[in-house]
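The primary structure of each chain is shown beneath.
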Amino acid sequence: MSRPQGSAGEPRVLLYTRVSCHLCEEARAVVADVCGAAGETWREVDIDVDGPGGDLVGKYGDYVPVVEVDGVQQGFWRVDGARLARRLAR
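The structure displayed is predicted, hence computed values, not measured ones.

About the cut-offs
- Residues numbered from 1 in each chain as written.
- Predicted model: local features only at pLDDT ≥ 70, side-chain atom pairs only at ≥ 80, totals over all residues.
- Heavy atoms only, no water.
- Helix = DSSP H or I, 4+ residues; strand = E, 2+ residues; numbered from the N terminus.
- Buried < 20%, exposed > 50% of the residue type's maximum accessible area, 1.4 Å probe, protein only.
- Contact = heavy atoms within 4.5 Å.
- Areas by Shrake-Rupley, 256 points an atom, 1.4 Å probe, with all protein chains shown as cover.
- Disulfide = S-S within 2.5 Å.
- Pairing = 2+ DSSP bridges.
- Axes fitted to C-alpha atoms, helices over the stretch in contact; angles between N-to-C directions.
- pLDDT = per-residue confidence, 0-100.
- Phe/Tyr/Trp six-rings, centres within 6.5 Å; stacked < 30°, edge-to-face > 60°.

## Observations regarding the overall build of the protein chain
Moving on, step 1. Counting its regular elements, the protein chain contains 3 helices and 4 strands.
Moving on, step 2. Ordered by position from N to C terminus, the α and β elements of the protein chain give β-α-β-α-β-β-α.
Moving on, step 3. Relative to its 90 residues, the protein chain shows a buried fraction of 39%.
Moving on, step 4. In the protein chain, 60% of the contacts between residues at least 6 apart in sequence involve partners at least 24 apart.
Moving on, step 5. Total accessible area computed for the protein chain in this model is approximately 5400 Å², and 51% of it derives from carbon and sulfur atoms.

## Let's talk about the state of the cysteines
Moving on, step 1. Under the criterion given, the structure shown has 1 disulfide.
Moving on, step 2. Each sulfur of the disulfide joining Cys-21 and Cys-24 lies 2.4 Å from the other. Here the S-S torsion is close to 75°, and the disulfide linking Cys-21 with Cys-24 is therefore right-handed. Pair check on accessibility: Cys-21 and Cys-24 agree, each one buried.

## Details of the sheet that holds strand E1 (residues 13-17)
Moving on, step 1. Spatially, 4 strands are ordered E2-E1-E3-E4 in an open sheet, and the strand pairing comes out mixed. The two strands at the open ends of the sheet, each matched to only one other strand, are strand E2 (42-46) and strand E4 (72-76). Looking at each pair of strands side by side, their axes are set apart by 25° on average, direction ignored.
Moving on, step 2. Of the strand pairs in this sheet, E1 and E2 are connected by 5 bridges, and their pairing is parallel. Residue pairing across strands places Val-13 opposite Trp-42, the latter belonging to E2.
Moving on, step 3. Sheet contacts for helix H1 (residues 22-38): E1, E2 and strand E3 (66-69); angle to E1, the most-contacted strand, approximately 170°.
Moving on, step 4. Across the sheet, helix H3 (residues 81-89) lies against E1, E3 and E4, angled at about 20° from E3, the strand it touches most.

## A short note on the confidence of the model for the protein chain
Moving on, step 1. The share of residues in the protein chain with pLDDT of 70 or more is 88%, and the mean pLDDT across the chain is 88.
Moving on, step 2. This stretch, residues 1-6, has a pLDDT under 50; its non-local contacts, to residues over four places away or in other chains, come to 7 contacts.

## Quick word on the packing of aromatic side chains
Moving on, step 1. This structure, assessed with the given rule, holds 4 aromatic pairs.
Moving on, step 2. Judged by centre distance (5.8 Å) and plane angle (20°), the rings of Tyr-63 and Trp-77 are stacked. Of this pair, Tyr-63 sits in the loop between helix H2 (55-60) and E3 while Trp-77 sits in the loop between E4 and H3, and the two are 14 residues apart along the sequence.
Moving on, step 3. A relative accessible area of 42% places Trp-77 in the partly exposed class.
Moving on, step 4. Measuring from centroid to centroid gives 4.6 Å for Phe-76 and Trp-77, while their planes differ by 70°, and the two rings are edge-to-face.
Moving on, step 5. Each residue in the set Tyr-63, Phe-76 and Trp-77 is aromatic and connected to the rest through ring pairs, giving one cluster.

Shown next as structure tokens:
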């Protein structure tokens, strides 16, 4: 089965986070475990690096952590490892 591909070298999974976010720490562990088991790479994006009032802060501010697979939001606040694994299997 073919799966969507990002641009060359881009991971399928993005995890949007911010500093001092305890839910982000939990999400990071789930994403790392699931992606590791699936053989997928992932990237973490700190929304605050975009700057106050920036696009990412405006889009995700109160919802971090947010996980996306192939550009589609899969969840926020608590990352469901089983759901993420199912999505990566497609």
